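# Structure at a glance
Here is what each chain is made of, one letter per residue.
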Amino acid sequence: MEQLRAGVHYPRSTGEFQAWFGTDEDCLDYLEWLRWPGGFTCQRCGHGMGWRLGDGRFECARCRSRASVTAGTIFDRTRTPLTVWFTACWLFATAKDGISALGLQRALEIGSYQTAWAMLGRLRSVLVRPGRDRLSGTVEVDETYIGGDEPGLSGGRARGKKVLTAIAVEVREPRGIGRCRMAVVADGSSASLHPFVTGHVRPGATVITDAWMGYHGLAGLGYVHQRRSQRAARARGEDPGELLPAVHRVASLAKRWLLGTHQGSVDEAHLPGYLNEFAFRFNRRRSASRGLVFYRLLELAAGHDPVRYHDLIVRPRSRAAPSAPPTIRGHPPSLERPGANRPWRAAEMQLSLPYSG
Ligand SMILES: [Zn+2]
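Below, the structure is looked at part by part. (Residues numbered from 1 in each chain as written. Predicted model: local features only at pLDDT ≥ 70, side-chain atom pairs only at ≥ 80, totals over all residues. Heavy atoms only, no water.)

## Observations regarding the overall build of the protein chain
Check the secondary structure of the protein chain and you find 12 helices and 10 strands. Going through the 357 residues of the protein chain one by one, you find that 43% of them count as buried. Considering only intrachain contacts with a sequence separation of at least 6, the fraction spanning at least 24 residues in the protein chain is 61%. Summed over all atoms, the accessible surface of the protein chain reaches about 19400 Å², with 51% contributed by carbon and sulfur. (Helix = DSSP H or I, 4+ residues; strand = E, 2+ residues; numbered from the N terminus. Buried < 20%, exposed > 50% of the residue type's maximum accessible area, 1.4 Å probe, protein only. Contact = heavy atoms within 4.5 Å. Areas by Shrake-Rupley, 256 points an atom, 1.4 Å probe, with all protein chains shown as cover.)

Encoded structure:
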């Protein structure tokens with residue numbers, strides 16, 4: 001495809017977003033364009049010719065299989081209108097700190113917390129592109145404890161615990177921070193930390209760590225390994241807590257985000273998804289346009305296999321849960337609305353009508 005252009009291929013602003021995606025059909029057409037930029041391609045046989053049926057689905061000209069634009073994507077069989085999905089994607093991609101499930105539920109009149117939570121869970125699950133670039137240049141690596149509780153899903157407050165999380169952050173001279181990667185690790189052993197480094201940092205990079213033994217042996221894995229010891233820092237009169245400033249900065253931003261936007265309510269089993277969401281937004285914080293981030297998110301969503309609700313609900317510990325809270329059933333209304341005709345003026349008119357009789 002030609003170079004992506006703001007205002008043509010993705011909206012530049014919230015105003016443009018609203019103007020472009022006023023109806024569910026507009027959203028469906030955008031997904032179709034995104035998914036098949038060169039025209040329809042059959043999912044089953046790969047044939048490139050087909051036609052649109054009356055119900056909006058496509059039929060392959062060769063094998064005659066029928067599919068909707070959303071089939072095989074995370075929007076597959078969704079009963080949530082696409083206007084609601086698109087607005088969720090817009091908020092997810094463009095709000096500085098993203099949005100919580102409760103915030104989404106209230107903003108978009110979504111009947112149940114579970115539905116809103118599952119929408120965000122599906123978006124989180126598409127964020128990790130297979131084969132994405134590993135970090136390069138100079139990279140600080142460290143581990144820290146992150147996490148907490150997550151209420152509402154199993155009735156009552158699920159007691160979470162803090163989870164050991166490995167963090168890698170690119171350092172840009174003289175004082176800048178580049179991209180980050182985070183992952184939950186089982187423990188601080190080299191059996192856990194070495195795979196984290198090799199999976200997220202390109203060989204040849206300079207890796208800076210503290211003197212912890214879990215990082216011993218990185219030089220043998222193709223890295224230039226710089227170890228900073230707390231004792232040496234103390235001897236130099238430096239703050240030993242500031243050995244790895246980039247990683248500590250990112251860790252504190254991530255913790256603050258979990259406490260702020262999500263009020264710390266993140267279950268251990270779901271933490272990896274939240275870490276991916278944080279890194280997705282953090283690594284695009286200097287993107288020229290938030291609309292482009294929205295485009296990338298939808299592109300990932302349209303290119304990702306369906307995610308079942310069952311797969312989102314991870315229950316690591318079986319516990320005697322109290323009965324589940326009552327769930328309001330029903331699907332959120334479309335955000336597609338007819339013109340309201342300035343109801344505040346209409347109310348004024350009624351008041352000023354003369355009494356008859
Ligand atoms: Zn076909």
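## Details of helix H9 (residues 271-282)
Look at H9: 16 Å from first C-alpha to last across 12 residues, which is about the 16 Å you get at 1.5 Å a residue. Residues of H9 that are buried include every one of Leu271, Gly273, Tyr274, Leu275, Glu277, Phe278, Ala279, Phe280, Arg281 and Phe282, and no others. (Expected span 1.5 Å × (residues − 1).)

## Brief notes about the side chain of threonine 87
Tracing the backbone through its elements, the reader meets threonine 87 in helix H3 (residues 82-94). What makes threonine 87 buried here is its relative accessible area of 17%. For threonine 87, the side chain forms a polar contact with the main-chain oxygen of threonine 83, separated by 2.8 Å. In this view, threonine 87 contacts Phe17, Leu108 and Leu335; residues no more than four positions away in its chain are not counted. (Polar contact = N/O pair within 3.5 Å; in protein donor to acceptor, adjacent residues only side chain to side chain.)

## Looking at the pairing of strand S9 (residues 206-210)
Along any regular strand, the residues point their side chains to alternate faces of the sheet. Most of S9 is tucked away, with five of its five residues classed as buried. Across the two faces of S9 the burial is the same, with Thr206, Ile208 and Asp210 and Val207 and Thr209 all buried. Note: strand S4 (residues 138-146) against S9, three bridges, orientation parallel. Residue pairing across strands places threonine 138 opposite threonine 206, the latter belonging to S9. Pairing of S9 with strand S10 (residues 224-228), which is carried by five bridges, proceeds in the parallel orientation. (Pairing = 2+ DSSP bridges.)

## Looking at the sheet that holds strand S1 (residues 50-52)
Read across the open sheet, the three strands follow the order S1-S2-S3; overall the sheet is antiparallel. Of all strands in the sheet, those with a lone pairing partner are S1 and strand S3 (66-67), marking the two edges. Pairing analysis gives two bridges linking strand S2 (residues 58-60) to S3, with the strands arranged antiparallel. Paired with glutamate 59 across the two strands is arginine 66, which belongs to S3.

## Quick look at helix H10 (residues 290-302)
For an α-helix the count is 3.6 residues per turn, leaving residues at separations of three or four pointing the same way. For H10, with 13 residues, the first-to-last C-alpha span of 18 Å sits near the 18 Å given by 1.5 Å per residue. When H10 is considered as a whole, its buried residues turn out to be Gly291, Val293, Phe294, Tyr295, Leu297, Leu298, Leu300, Ala301 and Ala302. Buried-residue contacts for H10 involve helix H1 (14-20), helix H2 (24-35), H3, helix H5 (113-125) and H9. Sitting at the amino-terminal end of H10 is serine 289, which places a side-chain oxygen 2.9 Å from the backbone nitrogen of glycine 291.

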